[in-house]
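If you want the building blocks of each chain, they are given just below.
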Amino acid sequence: MEDVTQTHDPVFSATRRCLSVPELQHLIFDLVYRQPGGPRNLTALARTARIFHDVALNTLWGTQESLVPLVKCFPSQLWTESREDDGCRTVTLTAEPKPEDWTRVRLYAARIKEMRLPLDERAHEKLAGDVFLTLRRSLVYDPLLPNLHSFEWSQTLSNNEHNLASFLLMLNPLVVSMDVKMSTWDKEAAETIASALRTFGQSPTQLRSITFQWNECRPLHEALLSLAHTQQQLHTLVCTWEDDLSLETILHLSSLNSLQRVSICTDPDTTLQIVEEAKELTGTLFPSLKLLSLRCKTLDLCERLLGTIRSPYLDTLTCGFLTPPTAQCLQDFFTRLASSPLFGSKLSNIHLIAQGTSPRGSPTHRVTPATLEPLLRLNMTALQLEPGGPIDIDDAFLERAARAWPRLRVLELGAQWRRYPPPGQAVRVTLRGLLPLAMHCPDLVILGLTFDPDASAFQERFEANERPTDGVSFGLFAPFKLGVGASVVDQQADTYLLAGALSDLCPGLKIVKTAWGRAQHGRDENEEHDTELYWEDEDAEESWRQIEKYAMEMARVRRQERLWID
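Residues numbered from 1 in each chain as written. Predicted model: local features only at pLDDT ≥ 70, side-chain atom pairs only at ≥ 80, totals over all residues. Heavy atoms only, no water.

J.: Which residues make up the packing of aromatic side chains, and what values do they have?
T.: All told, the structure shown has 13 aromatic pairs when counted by the stated rule. Centroid distance Phe151 to Phe167: 6.2 Å. Interplanar angle 70°. Geometry classified as edge-to-face. With Phe151 in strand 6 (residues 150-154) and Phe167 in helix 8 (residues 160-168), this residue pair connects regions lying 16 residues apart in the sequence. Taken together, a centroid distance of 4.6 Å and an interplanar angle of 25° make the contact between Phe474 and Phe480 stacked. Like Phe474, the residue Phe480 is buried in the burial classification. Through successive ring pairs, a cluster of aromatic residues spans Phe151, Trp153, Phe167, Trp185, Phe212, Trp214 and Trp241. Lying across the ring of Phe458, Arg432 places its NZ or CZ 5.0 Å from the centre. (Phe/Tyr/Trp six-rings, centres within 6.5 Å; stacked < 30°, edge-to-face > 60°. Helix = DSSP H or I, 4+ residues; strand = E, 2+ residues; numbered from the N terminus. Buried < 20%, exposed > 50% of the residue type's maximum accessible area, 1.4 Å probe, protein only. Lys NZ or Arg CZ within 6 Å of the ring centre and 35° of its normal.)

Written out as structure tokens, the structure reads:
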């Protein structure tokens, strides 16, 4: 390795002094890392000069999406690699590491600041589940990643004992942020995790961000409530609370000056108590809040709770409620939001989700362009509406929305609604009606709504081997997720033509999601509210699966063609 500090060339010395500044090195190496072949180039830089070595290695190891590279730092005789039927390589430890085997591992483990586990399901390599158990036994009480600051973790291993060991390996002493998705645990494992969380969060100034999702686990609920009360510098607390939060807990959270993102689940009585308490308080509830997620019985209760918050920074609002509101209630709510002097200029992300469904054919729950009209006054970047009733808009409104929201990234309007339109009422959004979104919303990456999938308007250009949408498309490189809601493909339709039009419109297409088949193999979770729910034929889902297959392959080819042209 060359020592560049020995040169006496004045120009080179000035360059060396600049490149010796760690902050500049971080900026440069971060840019290098993001480029194609970045990790390989950074490895070369780490070997080029001593002044590059530490920063280059820190950049290479700083963020990891697997423990595989770290495990491969053990002596080669301690691990093996095998290929599964799906092509994924699985790394296994053949013996428990001895203390001297950890030297190289600890050298690189200390450089890891952020961990995202597990890998994507389509990953090329992964750890065998028992490796996590072996690492836990070998470490005893020592941390695996002593300088880890944040981690993302999901419970996806088939064996819960392996899941438990994997999660506990993430609870390192310097962690300030955790983003966790859990499903179900047995009682013993749940108590172990709850105990570990309580011990982990003993310092009242340690944690800054807690995002936690889980399913029906009382010990986890209690442990996270404990963290909510003890951690004094939280800026994020977003959890799928199992029970309604108490008045004491909500008032405590509202007093944290640093809290910017929070989720609240409350019953009607507690909501009304908070409203009364807010009238008596001289201070401001949640003074720094930017994101608020509410779960109440009705939209009206959500709005009452929202009315107690005076933060001028609120830009993201999520409301979950059991009872679906009428279209008029929704319109009034949107009108008050858009005209609010406090929220109107800042609010750009709105998510409204009803757990219940409206009575079939109810005209009062039918959302129309007039219902959504007030939202056109906001500068939306994300809008997700699942109001528990049909959303009946047309191409004209969609174009107006596209022009009003040029920064839009996510648009989902009734993407999970799974009912056929009433007799005589056709879907008014057409495939061509999606083009204005591509023209005016260049950042859009998630689109979900029900539309008429008739692609005949694009047939002439398609058959002439020209681009069906005539050059109008969403982004070329960003992965695009398309939700088609309850759109129904006619049995006589040319699915190849439809796939061709979609591939041209969405060249970054990664997935097509349909509402059909969502409850195919069991009773709908809301069936007790709507016993007349129509059950779809399997063909409704299968048609879209076939179109997805064609469209994704065509999109891959179109991306390559456009790269060659450019």
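J.: I'd like a description of the nonpolar core, backed by residues and values.
T.: Residues Phe151, Phe167 and Phe212 are the most contacted members of the largest nonpolar core, which totals 162 residues. If you tally residues by element for this core, the top one is helix 9 (residues 187-200), at seven residues. Among residues more than four places away in sequence, those in contact with Phe151 are Met115, Phe167, Met170, Leu171, Val175, Ser177, Met178, Asp179 and Val180. (Core = buried A, V, L, I, M, F, W, Y, C linked by side-chain atoms within 4.5 Å. Contact = heavy atoms within 4.5 Å.)

J.: Please provide a residue-by-residue account of the sheet that holds strand 3 (residues 89-93), values included.
T.: What the three strands build is an open sheet, ordered 2-3-5; its pairing is mixed. Either end of the sheet is taken by a strand with one partner, and the two such strands are strand 2 (79-83) and strand 5 (125-127). Mean inter-strand twist for the sheet, computed between neighbouring axes without regard to direction, equals 25°. By the bridge criterion, five bridges tie strand 2 to strand 3 in an arrangement that is antiparallel. From the neighbouring strand, Trp79 faces strand 3, where its bridge partner is Leu93. Seen against the sheet, helix 7 (residues 129-139) touches strand 3 and strand 5 and runs at an angle of roughly 30° to strand 3. (Pairing = 2+ DSSP bridges. Axes fitted to C-alpha atoms, helices over the stretch in contact; angles between N-to-C directions.)

J.: Give me the environment of Phe52: which residues, what numbers.
T.: Here Phe52 shows up in helix 4 (residues 50-62). Beyond its immediate stretch of four places on either side in the chain, Phe52 contacts Leu19, Gln25, Phe29 and Leu45.

J.: A description of the pattern of salt bridges should follow, citing residues and the corresponding values.
T.: Enumeration over the complete set of coordinates arrives at 23 salt bridges. Among the ionic pairs, Glu65 bridges to Arg116, the shortest N-O distance being 3.5 Å. Highlighted residues: Glu65 in the loop between strand 1 (63-64) and helix 5 (68-71) and Arg116 in strand 4 (residues 114-116), separated in sequence by 51 residues. Taking the relative accessible area as the measure of exposure, Arg116 reaches 31% and is therefore partly exposed. Taking the shortest distance from any N to any O, the salt bridge between Arg218 and Asp243 comes out at 2.2 Å. Separated by 25 residues along the polypeptide, Arg218 in helix 10 (residues 218-230) and Asp243 in the loop between strand 9 (236-239) and helix 11 (247-254) bring together distant segments of the chain. (Salt bridge = Lys/Arg side-chain N within 4 Å of Asp/Glu carboxyl O.)

J.: Explain the side chain of Asn172 residue by residue, including any values.
T.: Its place among the elements puts Asn172 in the loop between helix 8 and strand 7 (177-181). A polar contact of 3.3 Å, which involves the side chain of Asn172, links it to the backbone nitrogen of Leu144. (Polar contact = N/O pair within 3.5 Å; in protein donor to acceptor, adjacent residues only side chain to side chain.)

J.: Give me the lowdown on unusual backbone geometry, citing residues and values where you can.
T.: Across the chain, the bulk of peptide bonds are trans and the bulk of non-glycine residues have phi less than zero. Located in the positive-phi region is Val140, a residue other than glycine, with phi close to 60°. Assignment of secondary structure puts Val140 in the loop between helix 7 and strand 6. Even without being glycine, Asn465 reaches a positive phi, approximately 60°. The residue Asn465 is located in the loop between helix 18 (459-463) and strand 17 (480-485) in this model. Accessibility expressed as a relative area gives 76% for Asn465, which makes it exposed.

J.: Help me get a handle on the environment of Ile264, residues and values and all.
T.: Here Ile264 shows up in strand 10 (residues 261-265). Separated by 29 residues in sequence, Ile264 and Ser293 have C-alpha atoms that sit 6.1 Å apart. Leaving out residues up to four positions away in the same chain, Ile264 has contacts with Leu245, Ile250, Phe286, Leu292, Ser293, Leu294, Arg295 and Leu305.

J.: Describe helix 11, naming the residues involved and giving the relevant values.
T.: Since one α-helical turn is 3.6 residues long, residues separated by three or four positions face the same way. Among the eight residues in helix 11, six count as buried, and that is most of the element. Those residues of helix 11 not exposed but buried are Leu247, Thr249, Ile250, His252, Leu253 and Ser254. On the buried face of helix 11, the contacting elements are helix 10, strand 9, strand 10 and helix 12 (268-280).

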